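Understanding the architecture of this molecule
Chain residues, written in single-letter form:
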Amino acid sequence: MYDPTHLRTFLAVAQTLSFTQAARRLGLRQSTVSQHVRRLEDAAGRQLFSRDTHSVELTEDGEAMLGFARRILEVHEQATAFFTGTRVRGRLRFGASEDFVLTRLPEILEGFRYDHPEVDLELTVELSGTLHEQLAAGKLDLVLAKRRPEDPRGDLVWRDDLVWIGAERLRLDTDRPVPLIVYPPPGITRARALEVLERQGRDWRIVCTSGSLNGLIAAARAGLGVMAHSRRLIPPGLSRLPDRAGLPDLGRIDFVLVHGRRRTAAESAANALAAAIQAGGERLRRHGA
C-alpha cells in the first residue's frame, strides 16, 4: 500500500520541513518530491503536510505517518537484508553526543546489535565539537551530534530550537551577570550561548563547567544558573525560562549524522546504523525510562 520510495521522501520532507532541502538531500527534482508526497497522501487518503509559500508543517495525520513510515522502512530493510543474504560485519566506531545520554538511543543501538550480530560496535560519548574533531582525524566512522552553523556536512536527523533552561524556582537578576552552566570548549551550545549574550551586550559569568550532561543537570537543578539546551530534550526537573527573563534568542540547532570521509571496511555497518537511527529518529526525541 505504501511505496518505500515515497515513505523515504516523506521522511526527508518531515525532517527538513522543506521540499527544496529534501530534494537536495535525496538527489531528486523538487517536482519529483512533491509527486512522491502527493502519491503517499493519495494512498493514505489524508493530507500529511500543510504548506504555503512560506512554510511546511506536518498535519496531525502527518505526525502519525511519521512513526508508521519509520517502522515500515526499518522492517523493509531487515527483510531485504534477510532475503538477499547480505550480512553486515566489521568494526564500527560510533560517536554520539552527550545530548543523547537521557534519550532512547540505547534502544536503537540494542536493536541494531540484534539485527547485525557480526558488527563489533564501539561507542564513544563526547561533546559534539570533540566528536567532529575525532571524525575528521579518522578516529570514528559515524557521528550523531549537533552541527556547527558553518558546517554543511551531515544528514539531518532533526532540527530543534535551542532554549534557556533552569530550575523552576530560579529567578534571574537583570542587574547581575547571567550565571551560565556550560560544557567546556569546543562545546557547540557553549559557543552559541556566549555569542548571543555578547551580541546583546549582556554580562555573563560561568558558574559551572562539566563535560558530562549529568553534571550540568545537577548544577541546574541546584539552581546555580541557566544552560542552553535542545527544547525537545529538556531533562526532567528543569524547565524553559520564560521570555520575561530577558535572555536573547538562541536560534535553532541541527542534529545530524556524519560519516567519515575515508572509505573503510566499516562503511556498510555505518550505513546500516545510520538507517536504523533515521528510522527510529522519533525515539531520540523522547527520554528513556
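Scroll up for the structure.
Residues numbered from 1 in each chain as written. Predicted model: local features only at pLDDT ≥ 70, side-chain atom pairs only at ≥ 80, totals over all residues. Heavy atoms only, no water.

**What about the overall build of the protein?**
Helix and strand counts for the protein come out as 10 helices and 11 strands. Taking 289 residues into account, the globule formula puts the C-alpha radius of gyration at 19 Å, and the protein, at 20 Å, falls close to it. Dimensions along the principal axes, computed over C-alpha positions, put the protein at roughly 65 × 45 × 35 Å. In the protein, buried positions account for 46% of the 289 residues. Restricting to contacts in the protein with at least 6 residues of sequence separation, those with at least 24 account for 77%. Element-wise, carbon and sulfur atoms account for 48% of the exposed surface of the protein, whose accessible area totals about 14,800 Å². The average position of the 42 basic charges and that of the 37 acidic charges among the side chains of the protein differ by 1 Å. (Helix = DSSP H or I, 4+ residues; strand = E, 2+ residues; numbered from the N terminus. Rg over C-alpha atoms; globule rule 2.2 N^0.38 Å. Buried < 20%, exposed > 50% of the residue type's maximum accessible area, 1.4 Å probe, protein only. Contact = heavy atoms within 4.5 Å. Areas by Shrake-Rupley, 256 points an atom, 1.4 Å probe, with all protein chains shown as cover. Lys, Arg positive; Asp, Glu negative; His and termini not counted. Charge placed at Lys NZ, Arg CZ, Asp CG, Glu CD.)

**Let's talk about the environment of S34**
With respect to the helices and strands, S34 occurs in helix α3 (residues 30–44). For the pair S34 and G223, spaced 189 residues apart in sequence, the C-alpha to C-alpha distance is 48 Å.

**A closer look at the environment of A44**
Following the sequence through the fold, A44 ends up in helix α3. A44 gets classed as partly exposed once you look at its relative accessible area, which sits at 22%. Taking C-alpha positions, A44 is 8.1 Å from Y2, a pair spaced 42 residues apart along the chain.

**Overview of α3**
Helix length check: α3 (15 residues) gives 21 Å between terminal C-alpha atoms against 21 Å at 1.5 Å per residue, within 8%. Turning to α3, its buried residues number three or more, namely V33, H36, V37, L40 and E41. Projection of α3 onto a plane perpendicular to its axis shows the buried side chains occupying an angular sector of 135°, all on one side. Along α3, exposed side chains directed more than 90 degrees from the buried face belong to S31 and D42. Count one or two residues on from α3 and you reach G45, which has phi positive near 70°. (Expected span 1.5 Å × (residues − 1). Arc of directions from axis to C-beta.)

**Examining the packing of helix α1 (residues 4–16) against α3**
Running from N to C, α1 and α3 cross one another at 110°; their axes reach a closest spacing of 9 Å. The pairing of α1 with α3 is recorded here as roughly perpendicular in orientation. The interaxial crossing formed by α1 with α3 has left-handed handedness. Facing T5, H6, L7, T9, F10 and V13 of α1, the residues of α3 in contact are V33, H36, V37, R39 and L40. Grouping the amino acids of the contact of α1 with α3 by side-chain chemistry returns six nonpolar, four polar and one charged. (Axes fitted to C-alpha atoms, helices over the stretch in contact; angles between N-to-C directions. Parallel < 35°, antiparallel > 145°, perpendicular 65-115°, else oblique. Left-handed = near helix turned anticlockwise from the far one by under 90°. Nonpolar A, V, L, I, M, F, W, Y, C, P; charged D, E, K, R; others polar.)

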